Amino acid sequence: MKRILTIQDISCLGKCSITVALPIISSMGVETVILPTAVLSTHTMFKNFTVKDLTSELVPITQHWKSLGESFDAIYTGYLGSEEEIAIAEKIFDDFKTKDTLIFIDPVMADNGKLYAGFDEKYAALNAGLCKKADIIVPNITEACFMTNTEYKTTYDESYIKHLIDKLAALGSKIVVLTGVSLLPGKTGVYGFDTVSGKYFTYQADRIDAAFHGTGDIFASVSVGALVQGVSLHDSFKLAADYTAITIQETLNDPKKPWYGVNFESTIPELVKSLSVLLKDL
């Protein structure tokens with residue numbers, strides 16, 4: 001069985017970060033090891049949330065694993081809440097990466113042209129430095145702009161996306177996948193570049209006019225869960241994009257329409273079924 005270490009926070013209520021990554025990756029037949037960077041009562045879109053920082057625990061936990069000789073097929077980072085945690089993540093990569101370990105970074109820090117509360121341009125620059133260690137990075141357009149000092153645009157064409165991807169590739173990651181890319185009316189998806197083959201790739205699906213917290217975490221978790229099992233880049237990101245869209249639609253169909261996250265729990269059987277088809281073809 002493959003094993004993925006995910007490094008990000010736990011939002012106890014809210015369907016994001018580890019509370020998304022753990023059930024989704026596990027349902028895909030991959031052992032999921034967690035390294036919580038903080039524990040929050042809810043995600044940050046709720047008012048008056050509580051937070052317990054766990055930065056001081058990260059090194060002792062990973063040093064214990066190292067003393068046991070533990071290893072991982074992939075290390076996947078999501079929301080890292082401080083500059084110190086970025087530095088610790090970089091050390092974890094150095095301590096545990098082998099030639100077969102996939103380093104997958106989702107540099108969670110911004111959306112819709114703005115950095116999240118508590119982050120600044122220095123934090124974005126440190127994330128850009130961390131991406132040098134990655135095999136694959138999956139920023140959204142806002143995060144990509146902050147990491148490359150590029151003007152953020154809400155209206156763009158393919159040349160703008162390729163220019164942004166080329167600047168991301170210059171950071172050092174082997175594969176760059178830009179998320180939330182809409183190149184046609186009513187469509188959205190991903191646009192990527194493989195620096196090894198020198199080829200661009202894209203996948204566009206029907207756009208659902210709704211926004212929910214945690215969908216980026218779902219996309220990243222499905223992607224790394226498929227990739228670590230040998231599914232191709234294109235098929236992994238297609239699976240992740242389609243599954244994210246399915247969960248959004250499922251949530252919109254819910255009369256209660258929970259605002260704080262999507263109903264991914266009810267669509268996991270669809271994910272497992274689709275993954276099984278891909279794995280049979282390997």
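Above this text is the structure in question.
Residues numbered from 1 in each chain as written. Predicted model: local features only at pLDDT ≥ 70, side-chain atom pairs only at ≥ 80, totals over all residues. Heavy atoms only, no water.

Before going further, it helps to examine the pairing of strand β5 (residues 102-105). In β5, alternate side chains face the same way, and those of L102 and F104 on one face and I103 and I105 on the other are all buried. In the sheet, strand β4 (residues 74-77) pairs with β5 via four bridges, with the strands oriented parallel. Bridge assignment links Y76 to a residue of β5, and that residue is F104. Taken together, the two bridges between β5 and strand β8 (residues 136-137) define a ladder with parallel strand orientation. Looking at β8, one finds that F104 is bridged to I136. (Buried < 20%, exposed > 50% of the residue type's maximum accessible area, 1.4 Å probe, protein only. Helix = DSSP H or I, 4+ residues; strand = E, 2+ residues; numbered from the N terminus. Pairing = 2+ DSSP bridges.)

Ranked by size, the top nonpolar core spans 44 residues in total, and within it L5, I75, I141, I161 and L178 carry the most contacts. Discounting chain neighbours no more than four positions away, the residues touching I141 are Y152, Y156, Y160, I161, L164, L178, T179, G180 and V181. Among the nonpolar cores identified, the runner-up in size contains 42 residues, and A74, A220, L239 and Y243 belong to it. (Core = buried A, V, L, I, M, F, W, Y, C linked by side-chain atoms within 4.5 Å. Contact = heavy atoms within 4.5 Å.)

Glancing now at the side chain of S173. With respect to the helices, strands and loops of the structure, S173 is situated in the loop between α6 (158-169) and β9 (175-181). Of the polar contacts made by the side chain of S173, one reaches the backbone oxygen of D135; its length is 3.4 Å. Reaching out from S173, the side chain makes a polar contact with the backbone oxygen of I175 at a distance of 2.9 Å. (Polar contact = N/O pair within 3.5 Å; in protein donor to acceptor, adjacent residues only side chain to side chain.)

Moving on to helix α8 (residues 233-253). Between its terminal C-alpha atoms α8 stretches 30 Å, which fits the 30 Å expected from 21 residues at 1.5 Å a residue. Buried within α8 are the following residues: L233, S236, F237, L239, A240, A241, Y243, T244, T247, I248 and T251. (Expected span 1.5 Å × (residues − 1).)

Counted under the stated rule, the structure contains 13 aromatic pairs. Residues W65 and F72 carry aromatic rings whose centres are separated by 5.7 Å and whose planes lie at 65° to one another, so their mutual orientation is edge-to-face. Side by side, W65 and F72 carry an identical accessibility label, which is buried. Taking the centre distance of 4.6 Å and the plane angle of 35° together, the rings of F193 and Y200 count as tilted. On the basis of relative accessibility, which here comes to 13%, the residue F193 falls in the buried class. Y200 sits in the partly exposed class, given a relative accessible area of 31%. The ring of Y200 carries the charged tip of K162 above its face, separated from the ring centre by 4.6 Å. (Phe/Tyr/Trp six-rings, centres within 6.5 Å; stacked < 30°, edge-to-face > 60°. Lys NZ or Arg CZ within 6 Å of the ring centre and 35° of its normal.)

Once that is clear, we can look at the pattern of salt bridges. Two side chains carrying opposite charge are able to pair once their charged atoms lie near each other. This model, assessed by the stated rule, comprises 13 salt bridges. Across the pair R3 and E70 runs a salt bridge, and its minimum N-O distance is 2.8 Å. With R3 in strand β1 (residues 3-13) and E70 in the loop between α2 (55-68) and β4, this residue pair connects regions lying 67 residues apart in the sequence. Through salt bridges with shared partners, a single network forms among R3, E31 and E70. (Salt bridge = Lys/Arg side-chain N within 4 Å of Asp/Glu carboxyl O.)

So, on to the packing of helix α5 (residues 141-148) against α6. For the pair α5 and α6, the least separation of the axes is 10 Å and the interaxial angle reads 55°. Between α5 and α6, the interaxial angle falls into the category oblique. By crossing handedness, the relation of α5 to α6 is classed as left-handed. Residues I141, A144, C145, M147 and T148 of α5 pack against Y160, I161, L164, K167 and L168 of α6. Here the residues of the contact of α5 with α6 are counted per class, giving eight nonpolar, one polar and one charged. (Axes fitted to C-alpha atoms, helices over the stretch in contact; angles between N-to-C directions. Parallel < 35°, antiparallel > 145°, perpendicular 65-115°, else oblique. Left-handed = near helix turned anticlockwise from the far one by under 90°. Nonpolar A, V, L, I, M, F, W, Y, C, P; charged D, E, K, R; others polar.)

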